[in-house]
Amino acid sequence: MKHVVIGAGPSGVVAAETLRKLDASASVTIVGDEPEAPYSRMALPYFLVKQIPEEGTHLRKGANHFAQQRIDIVQDRVTAVDRAAKSLTLASGGKMAYDKLLIATGSRPVAPPIPGMDLPGIFSCWTLADGRAIAQRAKPGAKVLLMGAGFIGCIILEALAQSGADLTVVEMEDRMVPRMMNDTAGNMIKAWCQSHGVHVHTSTRVTGIAKGSAHPFKVDLSTGQQLDADLIVSATGVRPNVEFLDGAGLEVQQGIFINRHMQTNDPDIYAAGDVAQGRDFSTGESSVQAIQPTATEHGQLAARNMAGHTGAVHRGSVNMNVLDTLGLISSSFGLWMGKPGGDSAELVNRERYRYLNLQFDGDTLVGATSLGMTQHVGVIRGLIQTRTRLGKWKDKLLEDPTRLMEAYLASTQAVGFNAALLK
Amino acid sequence: MLKALQLEPEKCTGCLQCEMACSYENEGVFNPSKSRIKVFNFHDEGRFAPYTCSQCSEAWCLHACPVEAIVINPMTGAKDVLEDVCVGCKVCTIACPFGTVNYNADSGKVIKCDLCGGDPACATACPTGAITYVDAEHTGLARMKAHASQTIPKN
Ligand SMILES: Cc1cc2nc3c(=O)[nH]c(=O)nc-3n(C[C@H](O)[C@H](O)[C@H](O)COP(=O)(O)OP(=O)(O)OC[C@H]3O[C@@H](n4cnc5c(N)ncnc54)[C@H](O)[C@@H]3O)c2cc1C
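What you are looking at is a predicted structure, and each value in this text was computed from that prediction instead of being measured.

### Some thoughts on the packing of helix α8 (residues 378-386) of chain A against helix α10 (residues 404-412) of chain A
Residues and elements named next belong to chain A.
Right, so step 1: Running from N to C, α8 and α10 cross one another at 40 degrees; their axes reach a closest spacing of 10 Å. Between α8 and α10, the angle is such that the two are oblique. The crossing of α8 and α10 is left-handed. Between α8, through V379, I380 and L383, and α10, the contact on the second element is made entirely by L404, M405, Y408 and T412.
Right, so step 2: Within the contact of α8 with α10, the residues separate by chemical class into six nonpolar, one polar and no charged.

### Some words on the pairing of strand β14 (residues 217-221) of chain A
Residue and element names in this part refer to chain A.
Right, so step 1: Because side chains alternate across β14, one face comprises the buried residues F217, V219 and L221, and the other comprises K218 and D220, none of which is buried.
Right, so step 2: Sheet topology places strand β13 (residues 206-211) next to β14; five bridges connect them, and they run antiparallel. Bridged to K211 within β14 is F217.
Right, so step 3: In textbook terms, the turn of a hairpin is the stretch between consecutive antiparallel strands, and for β13 and β14 this stretch comprises five residues.
Right, so step 4: Where β14 and strand β15 (residues 226-229) come together, four bridges link them in antiparallel fashion. Opposite D220, over in β15, you have Q226 as the bridge partner.

### Quick notes on the nonpolar core
One broad rule of soluble globular proteins: the nonpolar side chains tend to lie buried together.
Residues and elements named next belong to chain A.
Right, so step 1: Residues L358, L365, I380, L390, L404, Y408 and L409 are the most contacted members of the largest nonpolar core, which totals 60 residues.
Right, so step 2: The element contributing the most residues to this core is α10, with six residues.
Right, so step 3: Sequence-distant contacts of L365, that is, excluding residues within four places in its chain, are made with L358, Q359, F360, I380, L383, I384 and L390.
Right, so step 4: Of all hydrophobic cores here, the second largest spans 41 residues; its members include I6, L88, A276 and M306.

### Some words on unusual backbone geometry
In most cases, non-glycine residues show a negative phi, while peptide bonds are predominantly trans.
Residue and element names in this part refer to chain A.
Right, so step 1: At S203, a residue that is not glycine, the phi angle is positive and equals roughly 50 degrees.
Right, so step 2: Looking at the element boundaries, S203 is found in the loop between β12 (199-201) and β13.
Right, so step 3: A residue is classified by how much of its surface remains accessible, and S203, at 47% relative accessible area, is partly exposed.
Right, so step 4: The backbone of Y353 sits at a positive phi, close to 55 degrees, despite the residue not being glycine.
Right, so step 5: Inspection of the secondary structure assignment puts Y353 in the loop between β24 (344-349) and β25 (354-361).

### Let's talk about the sheet that holds strand β6 (residues 95-97) of chain A
Residue and element names in this part refer to chain A.
Right, so step 1: If you walk across this open sheet you meet the three strands as β4-β5-β6, and the pairing is antiparallel. Unpaired on one side and paired on the other, β4 (78-82) and β6 mark the two borders of the sheet. Sheet twist, expressed as the average angle between the axes of neighbouring strands with direction ignored, equals 25 degrees.
Right, so step 2: The sheet contact formed by β4 and strand β5 (residues 87-90) spans four bridges and is antiparallel.

### Side note on the side chain of Q292 of chain A
Right, so step 1: Along the chain, Q292 of chain A falls in helix α7 (residues 292-306).
Right, so step 2: Q292 of chain A sits in the buried class, given a relative accessible area of 9%.
Right, so step 3: Other than its neighbours up to four places away in sequence, Q292 of chain A contacts P10, S40 and M42 of chain A together with A64 and P66 of chain B.

### Let's talk about a nonpolar patch on the surface
Residues and elements named next belong to chain B.
Right, so step 1: Among the surface-exposed residues, M20, Y24 and F30 lie close enough to one another that they form a single nonpolar patch of about 330 Å² accessible area.
Right, so step 2: One can find Y24 in helix α1 (residues 17-27).
Right, so step 3: Given the relative accessible area of 46%, Y24 is considered partly exposed.

Analysis parameters
Residues numbered from 1 in each chain as written. Chains lettered and ligands numbered in written order. Predicted model: local features only at pLDDT ≥ 70, side-chain atom pairs only at ≥ 80, totals over all residues. Heavy atoms only, no water. Axes fitted to C-alpha atoms, helices over the stretch in contact; angles between N-to-C directions. Helix = DSSP H or I, 4+ residues; strand = E, 2+ residues; numbered from the N terminus. Parallel < 35°, antiparallel > 145°, perpendicular 65-115°, else oblique. Left-handed = near helix turned anticlockwise from the far one by under 90°. Contact = heavy atoms within 4.5 Å. Nonpolar A, V, L, I, M, F, W, Y, C, P; charged D, E, K, R; others polar. Buried < 20%, exposed > 50% of the residue type's maximum accessible area, 1.4 Å probe, protein only. Pairing = 2+ DSSP bridges. Core = buried A, V, L, I, M, F, W, Y, C linked by side-chain atoms within 4.5 Å. Patch = residues over 30% accessible without salt bridge, like charges linked within 9 Å, V, L, I, M, F, W, Y side chains within 5 Å. Areas by Shrake-Rupley, 256 points an atom, 1.4 Å probe, with all protein chains shown as cover. Salt bridge = Lys/Arg side-chain N within 4 Å of Asp/Glu carboxyl O.

Rendered as structure tokens:
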């Protein structure tokens, strides 16, 4: 059996390792187009602020890890998939045959259609190469403009601010992290960033970028304001890497459409991670979540199915994020925006930057948002994904959402070692 | 044979010796807020529940880590955080469905129970036997594990 994985990100690497574990005799190959050892994009912000060296971003630390696992890593780019011949075309010219194929090619940043976006010196923060370029330029005092305050934008914001740059962030929506935080929480994060010296413009667009005189860039905003910048970092959205599939006849919507066995419409071709549109636990619909935990979950499940363990059915991944903006820690889970007809509990303390919002469907927790919470946050995932019936604890949570951990212990541990105590 | 922490809330009196011992052993301070084991107080019922990582076999934290900073300790079976590798991204803190990996803002890293390398200070400190370090085959533990595995199906 010859398994081929395209993409050496977390999803592809976890899949390859799982394939090896489940089938000692199969051939397992990863084709990845980046020049470095498999690394984690998530670790880039820490590389940017020099908290870790380049190797610190590597997904696996052992020098011979992949050789020991008998996983072949081929540095090349797949340019076409011939499903009839079960063969891949490689950019270097060769072909590669597969029995089962996993597409884990992730996504890449898209530049918004703004005049001047093609000027040299405008970077995304997506690859190690980007990380190196930004680290070189984000010097203390440098005027840095960050376009986009979404999840990825805010992660980079933390790193850019830490490097001592004079930072301005521009976001089209009316708050920060609009797809992860509601109005209250998103604006509390904005206020926090402003109080820490970051200039934040929400409901604002960059309308044009031109070469400047005193500074490399002059930037026009939709508000009419003009800003100088030494460095521009763009985090305005991504697009799945699917172009090499043109004409292959695989169903692509937001991403490559997969069923609950992580299979595409070709039963020998699977997809996983940021490139895949898989089941969302909370909605039951398929969507591209583009987060690390989902990428590894997909990779593992795809591998199990590729190895013939077809009982491994995807129940859906819980969409969840945790963010640290200059020391303010926030998280969001599942249906943080709520479910029609469901109850919710909210606790707001603007002075102390504390926020907790719980969303229910009947007496089960289906979503949550938190600011300033670092202890036992994971139980939110636990409660959502087990669909634990909270019973009388739901009412207690409506009164005081901070009793989350008690509610968790009382409602879940009662079936286990706490049974005698809390039934 | 592997050993594991057995927690028996019915024996807990809420004295918090375990939290003190844990924070002192691992962080060098007597500060319950730095403890990796927590005693929850059910005021209404006047009861207490000690709670920490069960070193579950699913190891959600380990699989979520983007930089391989959480590894299985071959001696104890615990999932250990390698402090020098952890970048502090906190993804494990949301991935652990038991809420037993926590972020420590002082160090910028996450902390979780590592069984003190095989001699858990909490068990030693507990005066009432609510926390014991026992063979992993022990019956009470089987119940704990049954709980852990039934919470989230692996698929
Ligand atoms: C700065 C930053 C911070 C982030 N922080 C977080 C966070 O805190 N939490 C979180 O959950 N997520 C975070 N993410 C998102 C997370 O990194 C992604 O969800 C994750 O990388 C997805 O993994 P993947 O394997 O699907 O794709 P990728 O990691 O993108 O890997 C895909 C690989 O495939 C390669 N490839 C593409 N096309 C081809 C081809 N035709 N042939 C060969 N190779 C190809 C790509 O070059 C790439 O190396 C962050 C991302 C960034 C950029």
